[in-house]
Amino acid sequence: MEYAKWIREGKLPVSSDWNKDLGIKFTLQDPCQLVRKTYGDKAGEDMRYVLKKLVGEENFIDMSPNLSNNYCCGGGGGFLQSGRKEERRTYGKIKFDQVMATGADYVITPCHNCHSQIHDLQEHYGGNYHCIHFWTLICLSMGILGENERGHLGPDLEDFGLD
Amino acid sequence: MTEEAIKISGKRTSRFLDKVKKILPEEGNLDACLTCGACASGCPATGIDGLDPRKVLRMAVLGMDEELTTTPWAWACTMCTRCMYVCPMNINIPQLVFNMRAAWPRDERPKGIRASCDKANSVDSRSAMGLTGEMFSETVEELLEEVREEQEGFENLQAPMNKKGAYYFVNQNSREPQMEEDEMVPLWKILHTVGADWTYSDKGWAAENYCLFLADNEAWEENIRIKAQAVEELGCKVWLNTE
Ligand code: SF4
Ligand code: SF4
């Protein structure tokens, strides 16, 4: 996780000050591919380190279960392309419930499959959360997120920091 | 069901399970199941098509090969490996499922996955959306120019293409250049801020590999080999797979 390394080295001056008063809540999807299947819990810990730096410790709410024990979102293994939409959403219900239980406004989805699937689950089951990548939040926290780069942000943040 | 299972298990020598065991390290521990059910209770695919990982493994052990190699459940399991992670015997169910997929005739495997794999292997970029290296370069170039002109502080933003000897080889999921190009900019800004020495490549830049999900061993190997070659040709040290 290069982001964590760069923050530790002081190269990436992120901060969570922007969210002090807003108190927007964030949770995190551990992609199976990255955590359970490849780098293990260490990658998950790194992502949590980054996220807490970005939004404030108190605004991060973890899913349960998490890290290597996390549930697959249901977008993986080609499920999104397999044409079995109904089954895919049945599979994903457990993930949807897990996200909803955190009460978070945003889910960080550091994988494209997770992003598409968790977003689709939100629309299908009527959730009230948004899915974004780390890069969006990193730039937002440093005040360098451009106007056109906010496609996945909710109304609460789509103008944040723009003059 | 019980009757049928007993009948088929008579032909043990040609069991599908035995074939799979041969190709897996430690035989995937496929014979070690305690039927504890830990896998099934924590599997999101449990219940789909009336199956779950424990049942599937039982079918394999009982030699119900026909059912095993035709059930669409093979495409409902995402091979996420959670079952294996919680299994007390470390049984490799995801690999069993991979081989169940591979047992399907190629042209009967899900069309969407097959098309993504074939498309990727028809272009130099390995993009499952068929976006060529040239199209990718153009998109990047135009967008970069726009940001440089319009965004203060980023007049010198870089998005190098085919830069020899760069430290990071950065890949990109096709969805961005194809459907939401603006999503690439925050990443460029981050790389710019930390002063990273990085490059894109017009060859093999696409991150996705559906051939793996298709369980087409040859095709996914070709896919990954071309990408690794692209990294080597530019002499990059780190292959950075983006979010
Ligand atoms: S968790 Fe392992 S031992 Fe238990 S039923 Fe599943 S495969 Fe068998
Ligand atoms: S790998 Fe397949 S069987 Fe195992 S938990 Fe994941 S979806 Fe279920």
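For the structure itself, look to the data block above.
Residues numbered from 1 in each chain as written. Chains lettered and ligands numbered in written order. Predicted model: local features only at pLDDT ≥ 70, side-chain atom pairs only at ≥ 80, totals over all residues. Heavy atoms only, no water.

Some words on the environment of Pro65 of chain A
Here comes step 1: With respect to the helices and strands, the residue Pro65 of chain A is situated in the loop between α3 (41-55) and α4 (85-102).
Here comes step 2: Residues Pro65 of chain A and Gln117 of chain A lie 52 residues apart in sequence; the distance between their C-alpha atoms is 19 Å.
Here comes step 3: With sequence-adjacent residues up to four places away left out, Pro65 of chain A is seen in contact with Asn70, Tyr71 and Gln98 of chain A together with Arg82 of chain B. (Helix = DSSP H or I, 4+ residues; strand = E, 2+ residues; numbered from the N terminus. Contact = heavy atoms within 4.5 Å.)

Concerning the site of ligand 1
Residue and element names in this part refer to chain B.
Here comes step 1: In the region of ligand 1, 13 residues are neighbours, and Cys33, Cys36, Gly37, Cys39 and Cys87 sit closest.
Here comes step 2: Among the secondary structure elements, those contributing two or more residues to the shell around ligand 1 are α3 (38-41) and α4 (53-61).
Here comes step 3: Here the residues of the shell around ligand 1 are counted per class, giving 10 nonpolar, 2 polar and 1 charged. (Near = heavy atom within 4 Å. Nonpolar A, V, L, I, M, F, W, Y, C, P; charged D, E, K, R; others polar.)

Quick look at the site of ligand 2
Here comes step 1: Near ligand 2 the following residues occur: Tyr91 of chain A together with Cys43, Pro53, Trp73, Cys77, Thr78, Met79, Cys80, Thr81, Arg82 and Cys83 of chain B.
Here comes step 2: Residues close to ligand 2 are split across chains A and B.
Here comes step 3: Counting atoms within 2 Å of the grid points, the majority share of ligand 2 lands in the largest cavity.
Here comes step 4: Among the residues forming the shell around ligand 2, the class breakdown is 8 nonpolar, 2 polar and 1 charged. (1 Å grid on protein atoms, 1.4 Å probe; cavity = no way out; pocket = protein on both sides within 12 Å on 5 of 7 lines; lining within 4 Å. Sits in = over half its atoms within 2 Å of the grid points.)

Regarding α4 of chain A
In an α-helix, one turn spans 3.6 residues, which is why side chains three or four residues apart end up on the same side.
All names here are of chain A.
Here comes step 1: The end-to-end C-alpha distance of α4 is 25 Å, a good match for the 26 Å that 18 residues give at a rise of 1.5 Å each.
Here comes step 2: The sharpest bend along α4 comes to roughly 40 degrees, located at Gly92.
Here comes step 3: Along α4, the residues classified as buried are Arg88, Arg89, Tyr91, Gly92, Lys95, Phe96, Gln98, Val99 and Thr102.
Here comes step 4: Those residues of α4 hidden inside the fold are in contact with β1 (26-28), β2 (106-108) and α5 (112-125).
Here comes step 5: Of the residues flanking the end of α4, it is Gly103, one or two places downstream, whose phi is positive at about 70 degrees. (Expected span 1.5 Å × (residues − 1). Bend = angle between axes of the 7 residues up to and from the residue. Buried < 20%, exposed > 50% of the residue type's maximum accessible area, 1.4 Å probe, protein only.)

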